[in-house]
Structure formats: structure tokens, C-alpha cells
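The primary structure of each chain is shown beneath.
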Amino acid sequence: MDWRLARWVAAVIVAVALPVGVLAAPKLAVAAAEQTGTGRGVAAAAIEPDIPWAMHTITSGPRGADGTDLADVNGDGLADVTSGWEEGGLVTVSLHPERGAEAGPWPTVDVATRLYGVEDAVFADVDQDGHMDVVTACECRKVVIYFGPERSRILDPAAWTPVTISVSGPVPQRWIKVAVADIDGDQDTDVLLSDKTSMRFPDGTIRYDLRGTRWLENHDQGASWTSHPIGFASGEHQFFDVVDFDRDGTDDVVDAATVRDGNAITFRRNLGDWLGWEPTSIQVPAGVGQIQDVQAADVDLDGDLDLALSFSHADGDLSGVVWLEAGPDGTWTRGEVSGPAGTKYDNVSLEDVDADGDLDVMTSEEIEQLGVVWYENPAR
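Here is what the cut-offs are and how they apply
Residues numbered from 1 in each chain as written. Predicted model: local features only at pLDDT ≥ 70, side-chain atom pairs only at ≥ 80, totals over all residues. Heavy atoms only, no water. Salt bridge = Lys/Arg side-chain N within 4 Å of Asp/Glu carboxyl O. Buried < 20%, exposed > 50% of the residue type's maximum accessible area, 1.4 Å probe, protein only. Helix = DSSP H or I, 4+ residues; strand = E, 2+ residues; numbered from the N terminus. Pairing = 2+ DSSP bridges. Contact = heavy atoms within 4.5 Å. Phe/Tyr/Trp six-rings, centres within 6.5 Å; stacked < 30°, edge-to-face > 60°. Axes fitted to C-alpha atoms, helices over the stretch in contact; angles between N-to-C directions.

Draft legend 1. The arrangement of the pattern of salt bridges in detail. Applying the stated rule across the entire model yields 7 salt bridges. When the shortest N-O distance is used, the salt bridge between Arg-99 and Glu-102 registers 2.9 Å. We classify Arg-99 as partly exposed; its relative accessible area is 42%. Judged by its relative accessible area of 5%, Glu-102 is buried. Here Asp-248 and Arg-269 are joined by a salt bridge, their closest N and O atoms 3.9 Å apart. Taken together, the positions of Asp-248 in the loop between strand E17 (236-243) and strand E18 (252-259) and Arg-269 in strand E19 (residues 262-270) put the pair 21 residues apart, joining distant regions of the chain. Exposure remark for Arg-269: the relative accessible area of 28% places this residue in the partly exposed category.

Draft legend 2. How the structure looks around the pairing of strand E22 (residues 306-312). Most of E22 sits inside the fold, with 7 of its 7 residues counted as buried. The alternating pattern of E22 places Asp-306, Ala-308, Ser-310 and Ser-312 and Leu-307, Leu-309 and Phe-311 on opposite faces, both of which are buried. Of the strand pairs in this sheet, strand E21 (residues 290-297) and E22 are connected by 7 bridges, and their pairing is antiparallel. Opposite Gln-295, over in E22, you have Ala-308 as the bridge partner. In this sheet, strand E23 (residues 321-326) lies alongside E22 in antiparallel orientation, the contact comprising 4 bridges. Looking across to E23, one finds that Leu-307 is bridged to Leu-324.

Draft legend 3. How the structure looks around the environment of Pro-105. Mapped onto the elements of the fold, Pro-105 is located in the loop between strand E5 (90-94) and strand E6 (108-112). Taking the C-alpha atoms as reference, Pro-105 lies 9.4 Å from Val-373; in sequence the two are 268 residues apart. Setting aside chain neighbours within four positions, we find Pro-105 in contact with Thr-57 and Ile-58.

Draft legend 4. Region of interest: the packing of aromatic side chains. Taken as a whole and assessed by the stated rule, the structure comprises 5 aromatic pairs. Between the aromatic rings of Phe-245 and Phe-267, the centroid separation amounts to 4.8 Å while the plane-to-plane angle is 45°, which identifies the pairing as tilted. With Phe-245 in the loop between E17 and E18 and Phe-267 in strand E19, this residue pair connects regions lying 22 residues apart in the sequence. There is no split in this pair, since Phe-245 and Phe-267 are both buried. Seen in terms of ring centroids, Trp-274 and Trp-277 are 5.2 Å apart; in terms of plane orientation they differ by 75°. Their pairing is edge-to-face. Like Trp-277, Trp-274 is buried. Through successive ring pairs, a cluster of aromatic residues spans Trp-215, Trp-274 and Trp-277.

Draft legend 5. Examining the sheet that holds E6 more closely. If you trace the 4 strands from one edge of the open sheet to the other, you get E3-E4-E5-E6, paired in antiparallel fashion. Of all the strands in the sheet, the pair left with one neighbour each is strand E3 (65-71) and E6. Averaged over neighbouring strand pairs, the angle between their axes works out to 20° when direction is ignored. As paired strands, E3 and strand E4 (residues 80-85) are joined by 5 bridges and run antiparallel to one another. Counterpart to Asp-69 in the pairing with E4 is Thr-82.

Following this line, the structure appears as C-alpha cells:
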């Protein structure tokens, strides 16, 4: 299944009737077996679990680096990154530099300079003109699309054209992440999402059953939708990952939630039809803040799926980014990534940034102004 990922901005776009088939660019391949570059074929080193990974700054910007997204914007085969800066009012696009210069900073353009309250930015070719656009969402109930220029003018801020869409009606403002795909194989686009809170409608009706992770079945090309629950861990659901976690040939879901007594990470095994689910709790590591994101991939190159996690409220000695090593007996071992640096991290992306054959962690930090950063995996 070809998943195209976005976050709660996608839900707003669906609500204002933009075509869901263009919500985000296809995810760049991150499977270790598909990595190419100078490190391919080099034996992986053991990753010391207590030593933070080296941090590299893509752009530090002003204040409030929030959600990030990856795509190849300029056609060079390398992952570029966009980010919204909530307090600073910026939307940035940073181009992956030439090989060997990934430590940064990266060439960056300010696509927007006064979009205060921007929570997220994702790449998508909305108008299908062959040039990547940036779709942003704000707490002020509006979506702004910055239509991208030809590749030679990407770093020219005047070349990006903004179009603002105001949103009204019972649109949930707490949708955290959305993925779109033909889930049930009927040749239309369905929606997979996580919802932090219940939905309140203008007539006062409250739908508590819409919390958690679920998917929306598309009927008659969007004429109606059926909500199918995947799972609810109580509290507030955050990000999720779609991955064949148990390697049985069927996509599963791994999701994260902040709950009354801390954090919850749940592997939700797809029983084969996207209607039956078997939940298994994954032990949450100690010494972290409130969970934000969970992404599954082979971090240590031993052939199984590990987890990369990000957190907010990582005060003092708490860590904002860690990874969990999968053990053969089903146990998980905590590994450090960020150490105590940073307080509030957003989503994480796993990408071989430096082409050495292992997956690095790209993310953003909002409170201590670390900006958009990537952590270098020491496996190679």
C-alpha cells in the first residue's frame, strides 16, 4: 500500500474539498535494504545506548520550530525539509546540500514571514503542475497553501504564491495526523487519522466515540464516510505509524498517546480486513517527557524493526528523543538520541541524511530554539 503522509492539516484540507489524493508527496524510501551511499556494505557498529547522537542543525530560524515534512523538492534525489515556526511566524523550506555538507546549515528560504500560529507544514503538489507546494495549517482556523515556483527559483521568497483558505463549521481542530490511501481496495481514497479529543458539533452534540486512532471509509467518491475505530488508549492520541510491524504482509498501526498515568505506545495488529484489531502495549521508556511521535524502522541494522520516539515536556534531565531496540524475546531496550538537549520535540522522520547506509532521525525542537535538526545515527 502506497501511504502518503500528512498530519491534521490534511483533515482541514479534506473539509474544504481539496482533492485528498494530493495531500502530501510520497514518502521517501527509508528501508535499510534500499539505502545507497558511501556506507552501503559497511558493517554496522554497536550503538552505545547511553551516549547521545551528534546533533546537526538544518536551520535555527527564529522561535518555535514545529511540524516538519520531507520530500525531494528540487529533483536531486535528496530529501529536503519544510517546517512551520509557530511563534516566529515563519514557514521555511531547506534544501539538502551537496554530499558531505549535511552537517549544515542548509540553504533555506523563508516562504512565509508573518504566519503566526502555524502548527504544521507539509509538501504536496496541490495543483499538479510538477512543482512542489507547501501546505500549512494554523491555530487560527485557516490553511495557507504556498504554491511553489520552478526549481531554479525555490530559494527566492518572492517566487512562492500564497493562497489562504478559511475554515468554518464542525472541523476538528485536534486531528494530529492523517494518512491517505485506498485502504479497502475499492479504487478510492480512504483516510486514516488520530484524534486527540472528542468532537463537538454546532448543535452541542459531542461524539466521544471519535477519539483515538481510526479510519474513514470513502463511499461514492466522498459523498459519505464511515468511521471505523482502530483503537483508543484513553487520554490524548498523538502521532502514529503505518507499518507491517509483525511482518505478516499486512500493514499494522503503531500509535502513541498521553494518558493519565504517563505515556502509552500500542502496536495494533491488523487482523487482515482493517476491521479487526489486536492491541499489544509496548513498554514506555523511563527518563522521557510526554510522548509525541512513534516511527518504526531498523535503526541498528540488525534486520528487525526498532522504534524512534519524540517527546514534549522533556524538562531538566529528561530526554526528548530516544529509540527502542527490539529484542528477540519481545523486550525493548532504551537507547539515547538527543540526551537532555531540547524540551519540546515534534514529529520524527527516519531518513539516511548523510548516505552512510543507516537511518538518521530528523525532527524539530520548539522551546529551546534548537530549530530543525537531525541526529546522526552512529551505526555507520
